[in-house]
Amino acid sequence: MLWACVLLPQLALDGVLRRRPPSEEPLVLVSGPAQQRIVHAASRSARAAGLYRGQSLAAAQAMLHRFAMVDYDASDEAGWHRLLAAWAYRYSGEVGLLTHAVVLEVSRSLGLFGPWPRFESLLREDLAGLGFRHRIALAPTPQAAYVLAGAHDGMAVTTPPTLRSALAPVAVAHARLPDGAAHALSSMGIRTLGQLLAMPRAGLQRRFGADLVLQLDRLVGEQPSSMESFRPSDAFELRMEWAHEIEHVEALMFPLRRLTGDLSAYLAGRDGGVQRFEVVLEHRNMPATRVPVGMLAAARDAALLFDCARGRLERVALPQPVVAMQLLAPDLPPFVPAGRDLFDARLANAMPLDQLRERLRSRLGEHAVQRLHRTVDPRPERAQTSSPHVAKAPWPETRLRPAWLLESPLPLRGPPPEILAGPERIETGWWDGGDMRRDYYVVRTAQGQCAWAYCPPGKQGAWMLHGWFA
Amino acid sequence: MGQLVALNTLIDTRQVWQGRAAPLPGSNESTGWPALDVALPTGGWPEHAMTEILLPVDGVGELQLVLPTLARMTQAARQVMVISPPYLPCVAGWEARGVVMSHVDIVQAAARDVLWAAEQCLRSGSCAAVLAWPQQADDRALRRLQVAADTGKALAFVFRDVRHAVQASPASLRLELESQPAPRVRIRKCRGGNPPAQAVPLAAGWS
C-alpha cells in the first residue's frame, strides 16, 4: 500500500480567495465571538504586513490600515474539503478525509498515472488549476504521509524500512499525536519521532494510554489504520456567496467559471457526466433567478460546461443585484466519451462538434440546431421531422422529391407554368384527420425555376407551390 | 566562363521569369461536375476558402451545384452545416443525391446571427463545409468568413442575390447561376486564373 497525502494548509482561505478575481488586496478570515474576534487565516499579502493566525482583530486593525474581512464559515470549509475528496476520487478508489487533508491510496493508480513524479505533478497541476494551495507527500501508511506532508512538501517514501528513518527527524510537535501527548513528551526531553519510536511501547502505554501507542503503530504500519473511505454523493451542489452585490452579468463570469470547473472536476472523479443543471442566482429580497442549462448529450468538459452556462446566463436580465450563486446538478447520467478516429482527418486543434453545437444553441436558442430525417408518413408535410422521437423510415424514397421544401404551400403566382412531369397523386391521411387529395407535378415557371407544385385532382390550375428542384 | 550556375537551381529559386504562371496546386475538392472542374483553374472548389454563389431567384440549381460535394463529404462522415436556409431541405431529395443526412446540421439563425454562426462553424475546424444564406453581408463580413474558412480548413458556400454581383467580393470563387434558357453557371471570378468566357451547363434539377 502506498498513500499520497494532499495537505491543504489554507483550505478555508483558498475557498474564499478562489471566488473572487485574483488581487493583491490583503484578506483575512475572522472567527470567534463578537467581542473577541480573532484572525482565523490571513492571505499572503496580509501576512507580509505582519498579520498572523490567532491575532486579535483589534491588533490586526492597528497593524494594517485596510484589509478585506470575511467571516470564517466551517460548513463552507467542509464543503471544499468534500469537493477535493471527490476530485481525488478520480485518481484512486480509496480516499480518506483527515483534518485539512485528503489521503488517497495510489499503489494501484501508479500503473495508469505513474510513475510517482509524473503522478505528483498531475495532482499539483489539478490543484493549482482549482486554486488550492497544497503540500503533497507519499508514504506506505496514510498517517505517515499526513505527517510527512506537513514536514516536507514533495517527500516520497516508498518502502517501510526507509519510513522510520524518514520519520525520525520530524519534531514530536508536528507529528499529529493525540492532544496533550506532544507537550508532555517534549517536556520529558523527547523532541523527535525517532526518539519516541525507539522507546519501549509498554512504558509508553502505561504513561500515555493506548491512544498514543495505537497512533504510533499506525504511523509505521504495524497496525492497519481505520479510516472511513470517502464515497462521492450522487448529486452536485455548490454555492458561492459574496460580501458585496454583483449587478452585472459580466461580473458573474469569473465565479461561474469556477463553479463549472468544480463541477467538471467532480464529474471526472465520478467518471460521470451532466446533461442538465441549474444556475441559481440569489437576490437579497426577491425569489432567486433560476437559469436552467440543458445540453444535447451528457458532457463533462470544463470549457464546454462554462460555454453553455455562459450563453444562457448572458441572456438573463437581472431583476436585482446578485448576492450568491449556486450550481445544482441533481441528475448525473453516465458519460460516454465520443469516440475519435485515430486517422481522423480533422484539425488537431479543432473544436469538438458537440461543443460547437452547444455554442450555437446557447446563442441562437434551444432548437436552433436540428437534424432532419424521413418518417414513414407519405404526406409531404409530415414526411420529414427534426424530432428524435419519431422513428426513421427504414426504406429509401424512390419517388421524385425536390431539394427545397416549403414549410407550408403557397399559391404559385405568374402565368400558367409549363408541366415537365406528373402527376403523382397523393391521397391519404384519413386516419388522423389530415386528409389530403393532391396531384403533384414538376413544373417550370416563367423565370426558369423547376417547382414542385400541386393542384386539386384532375385539374391543372390553382397551382400551389410546395418545393423547388433547386 | 567564370562561374557555372546550374539552370534548375535558378528555376527552383524562382529567379528566372519563364513567361507563364506556375501551375496552381490542384484542388482535392472536386465539384462533382466534370465540366465545371475543367473550367476552374484549380480543377475543383478552392480549398479552405469561400465560394460565393449568386442567384437570380431561389430554386435555379444552387443545390444541384453543391449536392455532389456534400454527398461526397457526408459519405466520408464529414460534417456539413446548413445555416439559415431559405426553405427546408427536403430529406428525400437530398438523400436521392447521395447525401447522408445524419451528418448535416441545419442551423436556424436570425438574420443578424447568420454570419456569426457561419464564422463559428468555419472556425471550429470540425466542419467540412458550411452553407450560409446571409440576408445582408458587407465586404468586411465576407472577408471574415474567408479568413475563418482558412483557419478551420473548411469550404464556405455563401448564397446571395445576383444584384450583389456589381459589388467587389473577397470570395476566392464567384459563380453566377442562370436559369434562362437552360440552367447554366457562369464563373465571375476565380483566383489563380482568368474566368472563362463560356458558361458551364448544369443538368436540370428535377431529372
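The structure displayed is predicted, hence computed values, not measured ones.

Trainee: Any chance you could explain the overall build of chain B here in plain terms?
Mentor: When helices and strands are counted, chain B shows six helices and nine strands. Among the 207 residues that make up chain B, the fraction classed as buried is 50%. Taking contacts inside chain B between residues at least 6 apart in sequence as the whole, the part at least 24 apart equals 66%.

Trainee: I tried to follow the overall build of chain A on my own but got confused; where do I start?
Mentor: Across its full length, chain A carries 15 helices and 19 strands. A total of 470 residues make up chain A; the buried ones form 33% of that total. Partitioning the intrachain contacts of chain A with sequence separation of at least 6 by distance along the chain shows that 57% fall at a separation of at least 24.

Trainee: Any chance you could explain the sheet that holds strand β4 (residues 104–107) of chain B here in plain terms?
Mentor: Each strand in a sheet pairs with its neighbour through backbone hydrogen bonds, running either in the same direction (parallel) or in the opposite one (antiparallel). Reading across from one edge, β12(A)-β4(B)-β2(B)-β5(B)-β6(B)-β1(B)-β7(B)-β8(B)-β9(B) is the order of the nine strands in this open sheet, with mixed pairing throughout. Of all strands in the sheet, those with a lone pairing partner are β12 (369–370) of chain A together with β9 (200–201) of chain B, marking the two edges. Two strands pair when backbone bridges link them, and strand β1 (residues 50–55) of chain B and strand β6 (residues 155–161) of chain B are joined in this way by six bridges, in the parallel orientation. Its bridge partner being in β6 of chain B, isoleucine 53 of chain B is matched across the sheet by phenylalanine 159 of chain B. Across the face of the sheet, helix α3 (residues 62–75) of chain B comes into contact with β1, β2 (80–83), β4, β5 (129–132), β6, β7 (173–178) and β8 (184–190) of chain B while running at roughly 155° to β5 of chain B. Contacts from helix α6 (residues 139–152) of chain B reach β1 and β6 of chain B, with the element oriented near 160° to β6 of chain B.

Trainee: Can you help me understand unusual backbone geometry in this one?
Mentor: Leaving glycine aside, a negative phi is the common case for residues, and trans is the common case for peptide bonds. Residue and element names in this part refer to chain B. Unusually for a residue other than glycine, alanine 77 sits at a positive phi of about 60°. Tracing the backbone shows alanine 77 in the loop between α3 and β2. By C-beta crowding, alanine 77 is classed as partly exposed, having 13 other C-beta atoms within 10 Å. Despite not being glycine, serine 84 has its phi angle at roughly 55°, a positive value.

Trainee: It is not clear to me how the nonpolar core should be interpreted in this structure. Could you clarify?
Mentor: Note on soluble globular proteins: their nonpolar side chains tend to be buried together. In terms of nonpolar packing, the biggest core is built from 91 residues, with Ala4, Cys5, Val6, Ala88 and Ala145 of chain A touching the most fellow members. Of the domains in this structure, domain 1 (3–25 + 67–157) and domain 2 (236–329) of chain A are the two that each give at least three residues to this core. Ignoring sequence-local partners within four residues, the contact set of valine 6 of chain A consists of Ala88, Ala101, Val102, Leu123, Leu127, His134 and Ile136 of chain A. Residues Trp33, Leu65, Ala148 and Ala171 of chain B belong to the second largest nonpolar core, which totals 88 residues.

Trainee: Is there a simple way to explain the sheet that holds strand β7 (residues 135–139) of chain A in this structure?
Mentor: Residues and elements named next belong to chain A. One open sheet accounts for four strands, arranged β5-β6-β1-β7; its pairing is antiparallel. Either end of the sheet is taken by a strand with one partner, and the two such strands are β5 (95–98) and β7. Recorded for the sheet is a direction-independent mean angle of 20° between the axes of neighbouring strands.

Trainee: What am I meant to see in helix α12 (residues 210–220) of chain A here?
Mentor: Three or four residues apart is the spacing at which side chains of an α-helix point the same way, because the helix has 3.6 residues per turn. Residue and element names in this part refer to chain A. Among the residues making up α12, those that are buried are Leu212, Leu216 and Leu219. The buried residues of α12 occupy an angular sector of 60° when the element is viewed end-on, so they sit on one face. Looking one or two places after α12, you find glycine 221, whose phi comes out positive at around 90°.

Trainee: Just checking my understanding: could you explain the pairing of β4 of chain B for this structure?
Mentor: The side chains of a regular strand alternate, first on one face of the sheet and then on the other. The two faces of β4 of chain B match: Val104 and Ile106 of chain B on one face and Asp105 and Val107 of chain B on the other face are all buried. Judged from the two bridges that link them, β12 of chain A and β4 of chain B form a sheet pairing that is antiparallel. Across the sheet, residue glutamine 370 of chain A finds its bridge partner in β4 of chain B, namely isoleucine 106 of chain B. Here β2 of chain B pairs with β4 of chain B via four bridges, running parallel. When the sheet's bridge partners are listed, methionine 81 of chain B is paired in β4 of chain B with aspartate 105 of chain B.

Trainee: Any chance you could explain the interface of chain A and chain B here in plain terms?
Mentor: The extent of an interface is frequently quoted as the accessible surface area lost upon association of the parts. Each partner contributes residues to the interface: chain A has 43 residues there, and chain B has 40 residues. Elements with a minimum of two residues in the side of chain A that touches chain B: α15 (353–364), β12, β13 (373–374), β15 (404–411), β16 (418–428), β18 (450–455) and β19 (464–468) of chain A. Examining the composition of the side of chain A that touches chain B, we find that six residues originate from one element, α15 of chain A, more than from any other. Broken down by class, the residue content of the side of chain A that touches chain B amounts to 27 nonpolar, eight polar and eight charged.

Trainee: Help me understand helix α13 (residues 253–270) of chain A in this model?
Mentor: In this model α13 of chain A runs 25 Å from its N-terminal to its C-terminal C-alpha over 18 residues, within 8% of the 26 Å that 1.5 Å per residue would give. Within α13 of chain A, 13 of the 18 residues are buried, leaving the element largely enclosed by the surrounding structure.

Trainee: Whenever I open this one, the environment of glutamate 245 of chain A confuses me. Can you help?
Mentor: All names here are of chain A. Its place among the elements puts glutamate 245 in strand β8 (residues 236–246). For glutamate 245, a count of 13 C-beta atoms within 10 Å corresponds to the partly exposed category. In this structure the C-alpha to C-alpha distance between glutamate 245 and arginine 284, which are 39 residues apart in sequence, comes to 8.8 Å.

Trainee: Even after reading the chapter, I still don't get the confidence of the model for chain B, so can you show me in this structure?
Mentor: Low-confidence regions, as indicated by low pLDDT, have predicted coordinates that should not be scrutinised in detail. Scored by pLDDT, chain B has a mean of 85; 92% of the residues are at 70 or more. Interface confidence for the predicted complex, expressed as ipTM, amounts to 0.83; the pTM equals 0.64.

Trainee: Mind showing me how you'd approach the environment of glycine 458 of chain A here?
Mentor: All names here are of chain A. Within the secondary structure, glycine 458 is located in the loop between β18 and β19. For glycine 458, a count of 9 C-beta atoms within 10 Å corresponds to the exposed category. Separated by 35 residues in sequence, glycine 458 and proline 423 place their C-alpha atoms 9.2 Å apart.

Here is what the cut-offs are and how they apply
Residues numbered from 1 in each chain as written. Chains lettered and ligands numbered in written order. Predicted model: local features only at pLDDT ≥ 70, side-chain atom pairs only at ≥ 80, totals over all residues. Helix = DSSP H or I, 4+ residues; strand = E, 2+ residues; numbered from the N terminus. Buried ≥ 20, exposed ≤ 12 C-beta atoms within 10 Å, placed from the backbone. Contact = placed C-beta atoms within 7 Å. Pairing = 2+ DSSP bridges. Axes fitted to C-alpha atoms, helices over the stretch in contact; angles between N-to-C directions. Core = buried A, V, L, I, M, F, W, Y, C linked by C-beta atoms within 7 Å. Domains from an automatic or database assignment. Arc of directions from axis to C-beta. Nonpolar A, V, L, I, M, F, W, Y, C, P; charged D, E, K, R; others polar. Expected span 1.5 Å × (residues − 1). pLDDT = per-residue confidence, 0-100.

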